[in-house]
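# Commentary on secondary and tertiary structure
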Amino acid sequence: MRLQDQKRIVIKIGSATLVDEKTGRLRAAWLQTLIDDIAMLKAQGKEVLIVSSGAIALGRRRTHLPAGKLKLEESQAAAAIGQIALGEAYADALHKVDLTAGQILLTFEDTEERRRYLNARATLTKLLELDAVPIINENDTVATSEIKFGDNDRLAARVATMISADCLILLSDIDGLYTAPPATNPDAEHIPIIEHITPAIEAMAGSAGSSLAKGGMTTKIAAAKIAVNAGANMIIANGGDYNPLKALMEGGKCSWFTAVANPITQRKRWINGHLEPQGILTLDDGAVRALLSGKSLLPAGVKALDGNFAKGDAVIIRRLDGQEIARGLIGYDRTEADQIIGHKSSDIPALLGYDGRPELIHRDDMVLRDHEPVTPI
């Protein structure tokens, strides 16, 4: 696979790549070489978006906050100060190559709630039409621990899904996926192409390698699952050297995660990668077989419920052994669902006192996940 063949590209830049860990200063010379690379891609007719970490790291230095884990209000204050510095750095570097920056700050809810998701997508699309380079970051100044992405790898994957990107590039402090963490295992082998994200692939992930980084290989694998299911290829590459995108264009070392052959529709992309599940439904084998054959989920096949969900919330659908087989938008509140599970759809009017929909989850509101086949009875 080649970067040259990708049209719409999202580039995620980690804090450890953008900010010098020892001094806390922006790597300004490195950033300019990255922007030079982006100008090269833009000259080739490609669309580029940047998801950038670094605001809290820059703000920490300017406010002289202590080393170690920050309190929530300290992180928010550091982000408020550092975000200005980060935005100015990108705007100045892009101006030097006659490009315009557009800043977007997102919270988790902006990619979860349908109306806000559509508004964010429309703004990003318009910025691309105006030939600007969107600079995207989590809005750490207002995001609390309950509504944070937690890492910009996942944010980048959701942005890639939102704007139907062809490729997501994660620039980090490692040049791809290895069979084991290479820093601690000298026998670790680099994996250049990953066509399927299996449990074995997920087991290869390590932890964050820098004190500035929130994520690690685990978050990158999670991001890859979101991206490839939405039809975007994903690259993990070491961004520490100058001109990292040019190096990729010239065949530099990296790991490619290949997109699925038949990406799901935009609505199902949203369900699959953009909604935080609020509950769990456990099904009997008959209901599982019905779902895998393309049918909707009826209440009769549900054995158990978990979570405090409302009508329209996303839920996880599992079979009896606990394996997730699907996600979907449920058509009833938890209290109503408790009353109708295990019953025929024809019993719903008598159970609820009104003529409700026959399905707990309609097939159009459901996305099947990777799964093992259910043994026929």
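Source: prediction; values computed, not measured. Here, residues in each chain are numbered from 1, in the same order as that chain's written sequence. For a predicted model such as this one, the threshold for reporting local features is a pLDDT of at least 70, and the threshold for listing and counting side-chain atom pairs is 80 or more; totals across whole chains, interfaces and linings nevertheless cover every residue. For the side-chain quantities, the full set of heavy atoms in the structure was used; hydrogens and water were omitted.

Two faces belong to every sheet, and in a regular strand the side chains alternate between them. Only protein chains enter the accessibility calculation, which uses a 1.4 Å probe; a residue is then buried when its area is under 20% of its type maximum, exposed when over 50%, and partly exposed in between. Comment: elements are numbered from the N terminus, with helices defined as DSSP H or I runs of at least four residues and strands as E runs of at least two. Most of strand 14 (residues 324-329) is tucked away: six of the six residues are buried. A pair of strands counts as paired when DSSP detects no fewer than two bridges linking them. Note: strand 13 (residues 314-318) against strand 14, five bridges, orientation antiparallel. Considered in strand 14, the bridge of Val315 is made with Gly328. With three bridges joining them, strand 14 and strand 15 (residues 366-368) adopt antiparallel strand pairing. Opposite Gly328, over in strand 15, you have Met366 as the bridge partner.

Let us now look at the sheet that holds strand 1 (residues 8-13). The eight strands are arranged 3-4-2-1-5-9-10-8 in an open sheet whose pairing can be described as mixed. Each of the sheet's edge strands pairs with one partner strand only, and the pair in question is strand 3 (101-106) and strand 8 (193-194). Taken together, the six bridges between strand 3 and strand 4 (residues 133-138) define a ladder with parallel strand orientation. Pairing of Ile104 across the sheet is with Ile136, part of strand 4.

On to helix 3 (residues 55-63), then. Where helix 3 is concerned, the buried positions are Ala55, Ile56, Ala57, Leu58 and Gly59. Residue contacts follow a heavy-atom distance rule, with two residues in contact if any of their heavy atoms lie within 4.5 Å. Against the buried residues of helix 3 lie helix 4 (72-95) and strand 4. Note on helix 3: the residue one or two positions beyond its end, His64, has a positive phi of about 60°.

The subject of this paragraph is the nonpolar core. Val10, Val159, Leu168, Leu177 and Phe257 are the most contacted members of the largest nonpolar core, which totals 50 residues. If you tally residues by element for this core, the top one is helix 9 (residues 217-229), at seven residues. Discounting residues that sit within four places of it in the chain, Val159 has contacts with Val10, Val51, Leu106, Leu124 and Ile136. Residue types Ala, Val, Leu, Ile, Met, Phe, Trp, Tyr and Cys, when buried and joined through side-chain atoms within 4.5 Å, form a set referred to as a nonpolar core. Within the second largest apolar cluster, 37 residues are counted, among which are Trp30, Cys167, Met249 and Cys254.

Phi at Asp131 takes a positive value of approximately 65°, unusual for a residue other than glycine. Mapped onto the elements of the fold, Asp131 is located in the loop between helix 6 (114-129) and strand 4. Phi is positive for Ser164, which is not a glycine, with a value near 55°. Relative to the assigned elements, Ser164 resides in the loop between helix 7 (152-162) and strand 5 (167-172).

To get an axis, fit a line to the C-alpha atoms, keeping to the stretch in contact for a helix; angles then go from 0 to 180 degrees between the N-to-C directions. Their axes nearest at 9 Å, the elements helix 2 (residues 28-43) and helix 4 cross at an angle of 50°. By the criterion of interaxial angle, the relationship of helix 2 to helix 4 is oblique. Here helix 2 and helix 4 pass one another in a crossing that is right-handed. Side by side, helix 2 and helix 4 meet where Leu31, Gln32 and Ile35 of the first sit next to Ala89, Tyr90, Ala93 and Leu94 of the second. Side-chain classes follow a simple rule in which Ala, Val, Leu, Ile, Met, Phe, Trp, Tyr, Cys and Pro form the nonpolar group, Asp, Glu, Lys and Arg form the charged group, and the remainder, Gly included, forms the polar group. Taken together, the residues of the contact of helix 2 with helix 4 break down into six nonpolar, one polar and no charged. Angle categories are assigned with fixed cut-offs, so that under 35 degrees is roughly parallel, over 145 is roughly antiparallel, 65 to 115 is roughly perpendicular, and the rest are oblique. Note on convention: the crossing is left-handed when the near helix lies turned anticlockwise from the far helix by less than a right angle, right-handed when the turn is clockwise.

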